[in-house]
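Letter by letter, the chains look like this.
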Amino acid sequence: MVNVSKEYAEELDRQDELAHFRDEFYIQPGTIYMDGNSLGLLSKRAEQALLEVLDSWKQLGINGWMQGNHPWYYLSENLGKMSAPLVGAKPEEVIVSGSTTTNLHQLVSTFYQPIGTKTKIVADELNFPSDIYALQSQLRLQGYDPNEHLVQVETRDGREINEEDIIEAMTEDVALIVLPTVLYRSGQLLDIARLTEEAQSRGIVIGFDGCHSVGAIPHKFHEWGVDFAYWCNYKYLNNGPGGVASLFVHEDHFGKTPGLAGWFGSDKEKQFDMSHTFNPAETAGAYQIGTPHVLSIAPLIGSLQLFDEASIERVRTKSLRATRYMMDLIDHELKPYGFVIGNPTEYHRRGGHVCLEHPEAARICKTLKEHGVVPDFRAPNVIRLAPVALYNTFVEVWETIQILKQVMDEAQYEKHPNERDIIA
Ligand SMILES: *Cc1c(COP(=O)(O)O)cnc(C)c1O
């Protein structure tokens, strides 16, 4: 039985070895930010790094490409190297470039190679819409009808995708599989190692969208033999709104020509030869297209330093404790109000957020915001709450549940319509 006293939450904070990282972030007084899985908060180091890069532009002009603290020409590669431990990659297997969606387009353009009757792409019916739009359009570009060639593995319960069902969909006519590591709504963590092995034993290429796991969970993409992966850096990695994303390509695939070529994918020594013959880099760097968005990369320099100091293993340990504690409080305090925990509860099957379901979720979220608690809502009935290891406290988890209890007790949410806002 969980101890529901505030003193217990305070004791958990005293025992938290990552507690001091909270001071590294801008936390607005009077708010409890539980939305770091959607947009991470600004850290002082990220701000500092951005200011340093701005300053290099101010001081150096074009010489900033090769000079200053963070020469822009090597920034994407250097940050790829710094990100590698977060995903279990070799330093040259990760590059910081593009956006989640454009990286998926780039990777599918490269790795989707239909031949004969092996033409289908397998995805799932719970993935983020942008991923599905990208896959549909890639099929169309190759002259295939997405209605026939995109297979979306169905959910049995509206929350999870069963790994057995995915494996069953790995038939002879499948060329490529693209799946999320963690499902954005329910927070289910898929068995990446197993799915990779099953796909490859059937000659199917497999890639993962890591948006909801990178920065929250350790990965072993290299060891598992994952063919490719891509993720954004503005959620758990706190790179700021629209911050540049990342991708991983297994070294077994080095030397391939990227589907979408551009001069920044060149071997860096040869790029300025200005030859009309493309000489791709022998690393994941080959998948870059044009000039890097330096100002939208810069915050990541500071952000990744924090992860290096904290270590992703300790981040995961605290995150699992905080979500377990939150679920225990929900079970204990919110039972009478019709909430259902929609995420898997086992350690090895859940991501970094709690998925709380309620028919009145949209207006409960609006009421929470009036109390300074920032959750997010995902239609039709999900409240996502992410206690983030580097900046949230156990007392904040406790307070969130107390506020939620009060909102329900007094039916405060009834003054709002049960509709989502434009951004939810
Ligand atoms: C956040 C998220 C995206 C967003 O893609 P952008 O190109 O960064 O807008 C895509 N897929 C998943 C699974 C996400 O969680």
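Residues numbered from 1 in each chain as written. Predicted model: local features only at pLDDT ≥ 70, side-chain atom pairs only at ≥ 80, totals over all residues. Heavy atoms only, no water.

If you look the protein up in an unreviewed UniProt entry, it shows as Kynureninase from Pontibacillus yanchengensis Y32. We quote the UniProt Sequence similarities (unreviewed entry) comment for the protein here in full: "Belongs to the kynureninase family." One UniProt comment on the protein, placed under Subunit (unreviewed entry), says "Homodimer." (UniProt positions renumbered as here; feature names shortened; annotations may be inferred.)

Caption draft 1: Empty space enclosed by the protein, seen in detail. A complete count under the given rule lists two cavities of 30 Å³ or more for this structure. Its volume calculated, the largest cavity comes out at about 80 Å³. Considering the residues around the largest cavity, the lining is formed by Gly 215, Ala 216, Tyr 236, Asn 238, Phe 307, Val 315, Ser 319, Gly 352, Pro 387, Val 388, Ala 389 and Leu 390. Partitioned by chemical class, the residues of the lining of the largest cavity number eight nonpolar, four polar and no charged. As a volume, the second largest cavity reaches approximately 30 Å³. Around the second largest cavity, the lining residues are Val 249, His 253, Phe 254, Gly 255, Lys 256, Ala 281, Thr 283, Ala 286 and Tyr 287. When its residues are assigned to classes, the lining of the second largest cavity shows five nonpolar, three polar and one charged. (1 Å grid on protein atoms, 1.4 Å probe; cavity = no way out; pocket = protein on both sides within 12 Å on 5 of 7 lines; lining within 4 Å. Points joined across faces, edges and corners; volume = space filled by probe spheres on them. Nonpolar A, V, L, I, M, F, W, Y, C, P; charged D, E, K, R; others polar.)

Caption draft 2: Fine view of the side chain of Asn 392. Turning to its location among the elements, Asn 392 is positioned in the loop between β13 (382-385) and α14 (394-409). Residue class for Asn 392 comes out buried when judged on its relative accessible area of 4%. Of the polar contacts made by the side chain of Asn 392, one reaches the backbone oxygen of Tyr 33; its length is 2.9 Å. Residues within four places of Asn 392 in sequence aside, it is in contact with Arg 22, Tyr 33, Met 34, Lys 318, Ala 386 and Pro 387. (Helix = DSSP H or I, 4+ residues; strand = E, 2+ residues; numbered from the N terminus. Buried < 20%, exposed > 50% of the residue type's maximum accessible area, 1.4 Å probe, protein only. Polar contact = N/O pair within 3.5 Å; in protein donor to acceptor, adjacent residues only side chain to side chain. Contact = heavy atoms within 4.5 Å.)

Caption draft 3: Expanded view of the UniProt feature "modified residue: N6-(pyridoxal phosphate)lysine" (unreviewed entry) in the protein. Cross-referencing UniProt, the feature "modified residue: N6-(pyridoxal phosphate)lysine" (unreviewed entry) maps to Lys 235 in the present numbering. With respect to the helices and strands, the residue Lys 235 is situated in the loop between β7 (228-231) and β8 (246-249). According to the relative accessible area criterion, Lys 235 is buried, its value standing at 8%. Residues in contact with Lys 235, not counting those within four places in the same chain, are Gly 36, Asn 37, Ser 38, Leu 39, Gly 40, Cys 211 and His 212.

Caption draft 4: Seen up close, the packing of aromatic side chains. Considering all chains together, one arrives at 18 aromatic pairs under this definition. Between Phe 111 and Tyr 287 the ring centres are 6.4 Å apart and the planes differ by 15 degrees, which places this aromatic pair in the stacked class. Taken together, the positions of Phe 111 in helix α4 (residues 100-111) and Tyr 287 in the loop between β8 and α10 (294-297) put the pair 176 residues apart, joining distant regions of the chain. Across the pair, Tyr 287 and Phe 111 agree in class, each one buried. Where Phe 128 meets Tyr 184, the ring centres are 5.3 Å apart and the plane angle is 80 degrees; that geometry is what we call edge-to-face. With Phe 128 in the loop between β3 (120-124) and α5 (129-141) and Tyr 184 in the loop between β5 (174-180) and α8 (192-201), this residue pair connects regions lying 56 residues apart in the sequence. The class for Phe 128 is partly exposed, based on a relative accessible area of 34%. Judged by its relative accessible area of 11%, Tyr 184 is buried. Among the aromatic side chains, those forming a connected cluster through ring pairs are Trp 65, Trp 72, Tyr 73, Tyr 74, Trp 263, Phe 264 and Phe 272. (Phe/Tyr/Trp six-rings, centres within 6.5 Å; stacked < 30°, edge-to-face > 60°.)

Caption draft 5: Seen up close, the nonpolar core. Core analysis: the biggest nonpolar cluster contains 64 residues, and Ile 177, Leu 195 and Trp 231 have the highest contact counts within it. Top contributing element to this core by residue count: helix α11 (residues 299-310), with six residues. Discounting residues that sit within four places of it in the chain, Ile 177 has contacts with Val 122, Met 170, Ala 199, Ile 204, Val 205, Ile 206 and Gly 207. Membership of the second largest hydrophobic core comes to 35 residues, among which are Ala 362, Val 395, Trp 398 and Met 408. (Core = buried A, V, L, I, M, F, W, Y, C linked by side-chain atoms within 4.5 Å.)

Caption draft 6: Highlighting the domain arrangement of the protein. Domain annotation for the protein reports domain 1 (6-30 + 311-415) and domain 2 (49-309). Contact residues are listed per partner, giving 29 residues for domain 1 and 23 residues for domain 2. Buried surface at the junction of domain 1 and domain 2, summed over both partners, amounts to about 2200 Å²; 56% is from carbon and sulfur atoms. For the domain 1 face of the interface with domain 2, the top three residues by lost area are Ile 312, Arg 349 and His 353, together amounting to 24%. For the pair domain 1 and domain 2, the number of links is two salt bridges. Here Glu 160 and Arg 349 are joined by a salt bridge, their closest N and O atoms 2.5 Å apart. Among the elements of the structure, α12 (312-333), β10 (354-357) and β13 are those that each provide at least two residues to the side of domain 1 that touches domain 2. For the side of domain 1 that touches domain 2, the element with the most residues is α12, which contributes five residues. The residue inventory of the side of domain 1 that touches domain 2, partitioned by class, reads 13 nonpolar, seven polar and nine charged. (Domains from an automatic or database assignment. Buried area = accessible area lost by both parts, 1.4 Å probe. Salt bridge = Lys/Arg side-chain N within 4 Å of Asp/Glu carboxyl O.)

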